[in-house]
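# Per-entry structural report
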Number of protein chains: 2
Amino acid sequence: MSLSESWLAQLQVEGGRVTAPRRAVVEILAETDRALNPAEVYELARRRHPAIGLVTVYRTIERLEALRLIERIHQHDGCHAFLRAAQGHEHVLLCERCGRALRFVGDDLEDLIRSLQERTGFIIREHWLQLFGLCPACQT
Amino acid sequence: MSLSESWLAQLQVEGGRVTAPRRAVVEILAETDRALNPAEVYELARRRHPAIGLVTVYRTIERLEALRLIERIHQHDGCHAFLRAAQGHEHVLLCERCGRALRFVGDDLEDLIRSLQERTGFIIREHWLQLFGLCPACQT
DNA sequence: ACAACTAAAGAAAACCGTTGTCAATAGCTA
DNA sequence: TAGCTATTGACAACGGTTTTCTTTAGTTGT
Ligand SMILES: [Mn+2]
Ligand SMILES: [Mn+2]
Ligand SMILES: [Zn+2]
Ligand SMILES: [Zn+2]
């Protein structure tokens, strides 16, 4: 079963229905390795289902985010892009030019976090790590 | 010279003028150790200069950000808060409840970044690291 | 101190991404 | 196949931010 099919199935389990506009949005977000904002999703979705409305894009994004199938990505030029969610403890490496995204593991912040907790008295519950750069294709 | 005075001096060097509303915003952002959004800055600034308008808050934030004296902070509940800028290579530890912010150094991502560059072909130019938790006062 | 210049102010309106409303449509289930 | 209702698209509303415009006031040179 493809990723899009699996996402649609998860929507169905929650009482959701599989419709053509929803399928268009799901396929784009499941299959694209770039952070896309709602307007970009809309533009791409219209190629698969021209009658789709922007509002439906927003609503589908909202549902997918609630199911933790996609997540919001924070960038210099705004925080309105979405990307397939991380699986487990992963972070993301983003191309600043084209938005291409790669997940990675292997950051080791345990010692830093432990020592900061001791020094500051904070209880640290979460960390965000994002790397930015240029993907091979954008290095001209 | 206090930090606020230094910021106002930097605005003057750029041809800016020192006014009462601007001074109110500058003092709040220079002296507060919490990430504040424009509405919060406005509310605090009104205590020092009741006639100030929200638009002036936005304009002053814009100027301070351009001078790299403050920077935008990304959080779960939005990305509209501002904080005194990092000095050199620092990251930030934020209290999820009250927004209190602490800068820290000592993250060591060199090896990870080098190995990711080799494995992925990306050129990595920047990294964002933020820690979230509860400050001592908010641990109830 | 004064005048001249112009940056900055506040008020109001515009802007625009996002969210809410609503009647019509179309998945799903029995 | 019929009935129920989730979802749709059109449209309006919303709210944070930006723009416009006129007035105020900080700065500079005399
Ligand atoms: Mn990690
Ligand atoms: Mn670092
Ligand atoms: Zn953000
Ligand atoms: Zn706190």
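Residues numbered from 1 in each chain as written. Chains lettered and ligands numbered in written order. Predicted model: local features only at pLDDT ≥ 70, side-chain atom pairs only at ≥ 80, totals over all residues. Heavy atoms only, no water.

## Digging into the relation of the copies chain A and chain B
- For the pair chain A and chain B, the superposition axis carries a translation of 0.0 Å, the fit reaches an RMSD of 0.1 Å, and the rotation angle comes to 180°. One copy is carried onto the other by what is essentially a two-fold rotation axis. Proximity to the rotation axis, assessed at the C-alpha, singles out L129(A) in chain A; its C-alpha lies 2.3 Å from the axis.
- A symmetric contact is evident, with 100% of the interface residues of chain A recurring at the interface of chain B. (Least-squares fit on C-alpha atoms with pLDDT ≥ 70 in both. Contact = heavy atoms within 4.5 Å.)

## As for helix α3 (residues 38–48) of chain B
Residue and element names in this part refer to chain B.
- Taken together, the buried positions of α3 are occupied by P38, V41, Y42 and A45. Along the axis of α3, the buried positions cluster into a sector of 100°, meaning they face one direction only.
- Buried-residue contacts for α3 involve α2 (20–31), α4 (54–66) and β2 (78–84). (Buried < 20%, exposed > 50% of the residue type's maximum accessible area, 1.4 Å probe, protein only. Helix = DSSP H or I, 4+ residues; strand = E, 2+ residues; numbered from the N terminus. Arc of directions from axis to C-beta.)

## Quick notes on the protein's contact with DNA strand D
- If you check the shell around DNA strand D, you find 22 residues, and the closest are R22(A), T56(A), R59(A), Q12(B) and Y58(B).
- In DNA strand D, atoms within 4 Å of the protein come 67% from sugar and phosphate.
- R22(A) places a side-chain nitrogen or oxygen 2.6 Å from a phosphate oxygen of DNA strand D.
- Contact between DNA strand D and A51(A): a phosphate oxygen at 3.1 Å from a main-chain N or O atom of the residue.
- Mapped onto the surface near DNA strand D, the elements with two or more residues apiece are α2 (20–31) and α4 (54–66) of chain A together with α4 of chain B.
- With four residues, α4(A) is the single largest residue contributor to the surface near DNA strand D.
- Its residues assigned to classes, the surface near DNA strand D comprises eight nonpolar, eight polar and six charged. (Near = heavy atom within 4 Å. Polar contact = N/O pair within 3.5 Å; in protein donor to acceptor, adjacent residues only side chain to side chain. Nonpolar A, V, L, I, M, F, W, Y, C, P; charged D, E, K, R; others polar.)

## Here we look at the domain arrangement of chain A
All names here are of chain A.
- In terms of domains, chain A is made up of domain 1 (3–83) and domain 2 (87–139).
- Domain 1 and domain 2 are separated by 24 Å when their C-alpha centres are compared.
- Contacts between the two partners involve eight residues from domain 1 and, on the opposite side, 10 residues from domain 2.
- Interface area for domain 1 against domain 2, summed over the two sides, is near 800 Å², with a carbon-plus-sulfur share of 54%.
- When the area that domain 1 buries against domain 2 is broken down by residue, the three leading residues are R34, H74 and L83, summing to 45%.
- If you look at where domain 1 meets domain 2, you find one salt bridge.
- One salt bridge in this structure joins R103 and E71, with 3.1 Å as the shortest N-O distance. (Domains from an automatic or database assignment. Buried area = accessible area lost by both parts, 1.4 Å probe. Salt bridge = Lys/Arg side-chain N within 4 Å of Asp/Glu carboxyl O.)

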